[in-house]
Amino acid sequence: PKYLPGLGLKLMKRAFAEHPIVRSQAPAETDHKPDITYIIGHRGLIRLPHLLATLESIAGQSNAVVECIVVEQDVEARLTGKLPAWVRHVHTPPPAADMPYCRSWTFNIGVKHAKSDVVVLHDNDMLIPTDYSRSILEKMRNGYEVVNLKRFIFYLTEDHSKPVFSSNTELFSKAPDYIVQNLEAGGSVAITKTGYENIGGLDESFIGWGGEDNEFWERAQMLKVWPYACLPIVHLWHAAQI
């Protein structure tokens, strides 16, 4: 997109024409054991618009009963009353107020609360297509324990992201800022709960940003992995992590 913005936009339109993002305030089914559980770690209110948009795309999943757990790692429970009623909110205050964010800890806590046998370790700034859960579950039913389906991640600019927070209306109003292909470790990875526990979960010695997802992905190779990416995702803009 940096050199051929028109081509970048065409690619994004083509990808989401086949795998559209559907936004909803709540899932169609939530009254029995979920097929799949999304776990999202979060801190602060700066990225609350990102989180709410992400939750809408999870609620818009088709042919799958979804559960979502938001693990808030913060001194205070700032998300209380700000999340949709169907989302489970788990507050885990850090042992010290100045402790940097530990993404591994949020996922380890979330997996313990998950009701389903399949969990998705998902970031709070990624919109997924409506067939994302169904596609993961199809691979899991064929015996795979780890599934990574991220073919294209379309990164939006700040100006592009702002209107997308509330709806998809402006999603194709301009080209993405850049596109990442076949991202393996971070962002969104599905794993069976048993597989997660067998390899020891995420390593909580990683404090701050980065590294924990790559290390986890390396250990996940001991399981039966489906690495063949095929689905698009939208990444909403945010300032660089500190």
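The text that follows walks through the structure, step by step, so that each part is easy to find.

About the criteria used
Residues numbered from 1 in each chain as written. Predicted model: local features only at pLDDT ≥ 70, side-chain atom pairs only at ≥ 80, totals over all residues. Heavy atoms only, no water. Disulfide = S-S within 2.5 Å. Patch = residues over 30% accessible without salt bridge, like charges linked within 9 Å, V, L, I, M, F, W, Y side chains within 5 Å. Areas by Shrake-Rupley, 256 points an atom, 1.4 Å probe, with all protein chains shown as cover. Salt bridge = Lys/Arg side-chain N within 4 Å of Asp/Glu carboxyl O. Helix = DSSP H or I, 4+ residues; strand = E, 2+ residues; numbered from the N terminus. Buried < 20%, exposed > 50% of the residue type's maximum accessible area, 1.4 Å probe, protein only. 1 Å grid on protein atoms, 1.4 Å probe; cavity = no way out; pocket = protein on both sides within 12 Å on 5 of 7 lines; lining within 4 Å. Points joined across faces, edges and corners; volume = space filled by probe spheres on them. Nonpolar A, V, L, I, M, F, W, Y, C, P; charged D, E, K, R; others polar. Phe/Tyr/Trp six-rings, centres within 6.5 Å; stacked < 30°, edge-to-face > 60°.

What about the state of the cysteines?
As used in these notes, a disulfide is a covalent bond between sulfur atoms, one from each of two cysteines.
Part 1 of the reasoning: Tallied over the full model, the rule gives 0 disulfides.
Part 2 of the reasoning: Not part of a disulfide, Cys68 finds its nearest cysteine sulfur in Cys102, a span of 19 Å.

Description of a nonpolar patch on the surface
Part 1 of the reasoning: Taken together, Tyr3, Leu4 and Leu7 make up a surface patch of nonpolar side chains, about 400 Å² in accessible area.
Part 2 of the reasoning: Inspection of the secondary structure puts Leu7 in helix H1 (residues 5-18).

Considerations on unusual backbone geometry
Part 1 of the reasoning: Phi is positive for Asn63, close to 55°, though the residue is something other than glycine.
Part 2 of the reasoning: With respect to the secondary-structure elements, Asn63 resides in the loop between helix H2 (48-59) and strand E2 (66-72).
Part 3 of the reasoning: For Asn182, which is not glycine, the phi torsion reads 55° and is therefore positive.
Part 4 of the reasoning: Position of Asn182 among the secondary structure elements: in the loop between strand E8 (178-181) and strand E9 (188-192).

Side note on the pattern of salt bridges
Part 1 of the reasoning: Inspection of the entire model under this criterion finds 12 salt bridges.
Part 2 of the reasoning: The closest approach of N and O atoms between Arg78 and Asp74, which form a salt bridge, is 2.8 Å.
Part 3 of the reasoning: For Asp74, a relative accessible area of 8% corresponds to the buried category.
Part 4 of the reasoning: Ionic pairing is found between Arg103 and Glu212, a salt bridge with its closest N-O pair at 2.9 Å. With Arg103 in helix H3 (residues 103-113) and Glu212 in helix H7 (residues 212-220), this residue pair connects regions lying 109 residues apart in the sequence.
Part 5 of the reasoning: According to the relative accessible area criterion, Glu212 is buried, its value standing at 3%.
Part 6 of the reasoning: In the salt-bridge network here, residues are joined through shared partners; they are Arg103, Asp123 and Glu212.

Examining empty space enclosed by the protein
Part 1 of the reasoning: Applying the stated criterion across every chain, the model contains 1 cavity of 30 Å³ or more.
Part 2 of the reasoning: If you add up the space inside the largest cavity, you get close to 80 Å³.
Part 3 of the reasoning: Every residue lining the largest cavity is listed: Arg103, Phe107, Leu121, Ala185, Gly186, Gly187, Ser188, Val189, Leu202, Asp213, Phe216 and Trp217.
Part 4 of the reasoning: Broken down by secondary-structure element, the contributors of at least two residues to the lining of the largest cavity are H3, E9 and H7.
Part 5 of the reasoning: A per-element tally of the lining of the largest cavity places H7 first, with 3 residues.
Part 6 of the reasoning: Residue composition of the lining of the largest cavity, by class: 7 nonpolar, 3 polar and 2 charged.

Quick word on the packing of aromatic side chains
Aromatic ring pairs are defined here through the distance separating the ring centres and the angle between the ring planes.
Part 1 of the reasoning: Considering all chains together, one arrives at 7 aromatic pairs under this definition.
Part 2 of the reasoning: Note on Phe16 and Phe154: the rings are 5.6 Å apart at their centroids and 55° apart in plane angle, and the pair reads as tilted. On the criterion of sequence distance, the pair formed by Phe16 in helix H1 and Phe154 in strand E7 (residues 150-155) is long-range, its members being 138 residues apart. Exposure class is identical for Phe16 and Phe154. Each is buried.
Part 3 of the reasoning: Ring plane angle 45° and centroid distance 5.9 Å describe the contact between Phe152 and Phe154, whose orientation is recorded as tilted. There is no split in this pair, since Phe152 and Phe154 are both buried.

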